[in-house]
Amino acid sequence: MNIYEWLTIVSICLIGAITPGPSLIIILYITNVKSLLSGIIASIGHGFGIFLYAILAIYSMNLLLKISPITIQIIQILGAFFLIFIGWKILFFKPSNEENNKAYKIPKSLFESYLIGFTASLINPKVMIFFSAIFSQFLNDNYSTQTKFGMALLAGIIDAFWYILASFSITFAIIQNYIKTKQKNIFIICGSILIFLSFYLIYKSLINLL
């Protein structure tokens, strides 16, 4: 893989991690009611779950590539449209003023924090769809096992790193306030980048298909 492809994967994975969802609520809640360390451990658990999802997506798509190459190209186009949909939702995301859901059980130990973070990634069905959409764009039968592993590992690290940063953000009022005030602009930029990259991926897939 060339540097552009790696940077594209980094960008899309980062935007996917930044997108608000149940996982963010869970991890921020753990950090808020337990401790920063618990939030970090939960973030690492979430990242490991994302790594497993990414591995599964890569090898599932790779198997399909060997069986029916044209199917992969169709999935690439459909996946890119899904990423456009995600980008559109990010562009017009409206933050809720409601407090974090207090129904989540407070972890009693660091291991439980890890399990809750790990489970939060596994129970989200959109994660597999998202990674199938991402990695279908970059699959090549010539890629080594190390490259495929590296792609999945990169996704897991980016996810864990983002949630660790999110955990830190609620422990420093100045960071928390800055994110809140700039939230709309951040989402507009992220959504626009994702849509732009998605249209490029559609163009690239159509060229290969035709």
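See the structure shown above.
Let me begin by describing the structure that accompanies this report. Quick caveat: nothing in here was measured; it's all calculated off a predicted structure.

Rules used in this analysis
- Residues numbered from 1 in each chain as written.
- Predicted model: local features only at pLDDT ≥ 70, side-chain atom pairs only at ≥ 80, totals over all residues.
- Heavy atoms only, no water.
- Helix = DSSP H or I, 4+ residues; strand = E, 2+ residues; numbered from the N terminus.
- Buried < 20%, exposed > 50% of the residue type's maximum accessible area, 1.4 Å probe, protein only.
- Contact = heavy atoms within 4.5 Å.
- Areas by Shrake-Rupley, 256 points an atom, 1.4 Å probe, with all protein chains shown as cover.
- Phe/Tyr/Trp six-rings, centres within 6.5 Å; stacked < 30°, edge-to-face > 60°.
- Polar contact = N/O pair within 3.5 Å; in protein donor to acceptor, adjacent residues only side chain to side chain.
- Core = buried A, V, L, I, M, F, W, Y, C linked by side-chain atoms within 4.5 Å.

### Quick word on the overall build of the chain
Within the chain, the secondary structure is distributed over 8 helices and 0 strands. Reading the helices (α) and strands (β) of the chain from amino to carboxyl end gives α-α-α-α-α-α-α-α. Across the 210 residues in the chain, those meeting the buried criterion constitute 42%. By sequence separation, contacts in the chain at least 24 residues apart represent 89% of the contacts at least 6 residues apart. Accessible surface, the chain: about 11,400 Å² in total, of which carbon and sulfur atoms supply 70%.

### So, the packing of aromatic side chains
Here the structure, examined in full by the defined rule, presents 4 aromatic pairs. With 5.4 Å between their ring centres and 75 degrees between their planes, F51 and F149 make a pair best called edge-to-face. With a gap of 98 residues between them, F51 in helix α3 (residues 36-67) and F149 in helix α7 (residues 145-169) connect regions that are remote in the sequence. Under the relative-accessibility criterion, F51 is labelled buried at 14%. Feature note: the residues F48, F51, Y114, F118 and F149 constitute an aromatic cluster, connected by ring pairs.

### Comments concerning the side chain of S43
Locating S43 in the fold gives a position in helix α3. Of note is the side chain of S43, whose polar atom sits 3.5 Å from the backbone nitrogen of I164. If we skip the residues at most four places from it in the chain, S43 touches I27, A160, Y163, I164 and S167.

### Brief notes about the environment of G117
Secondary-structure assignment places G117 in helix α5 (residues 110-122). Residues G117 and I41, spaced 76 residues apart in sequence, show a C-alpha to C-alpha distance of 7.8 Å. Contacts of G117, omitting those with residues within four sequence positions, involve A42, G45 and H46.

### Re the nonpolar core
One finds I12, C13, L83, F131, I134, F135 and A155 to be the most contacted residues of the largest nonpolar core, which totals 33 residues. Among the secondary structure elements, those contributing two or more residues to this core are α1 (3-18), α3, α4 (69-91), α6 (125-135), α7 and α8 (173-209). Beyond its immediate sequence surroundings of up to four residues, C13 is in contact with F131, I134, A155 and I158. With 9 residues, the next largest nonpolar core counts I26, I27, A120 and A166 among its residues.

### Notes on the environment of S11
With respect to the helices and strands, the residue S11 is situated in helix α1. When its relative accessible area of 28% is taken as the criterion, S11 is described as partly exposed. The sequence separation of S11 and C190 amounts to 179 residues, and the corresponding C-alpha distance is 9.0 Å.

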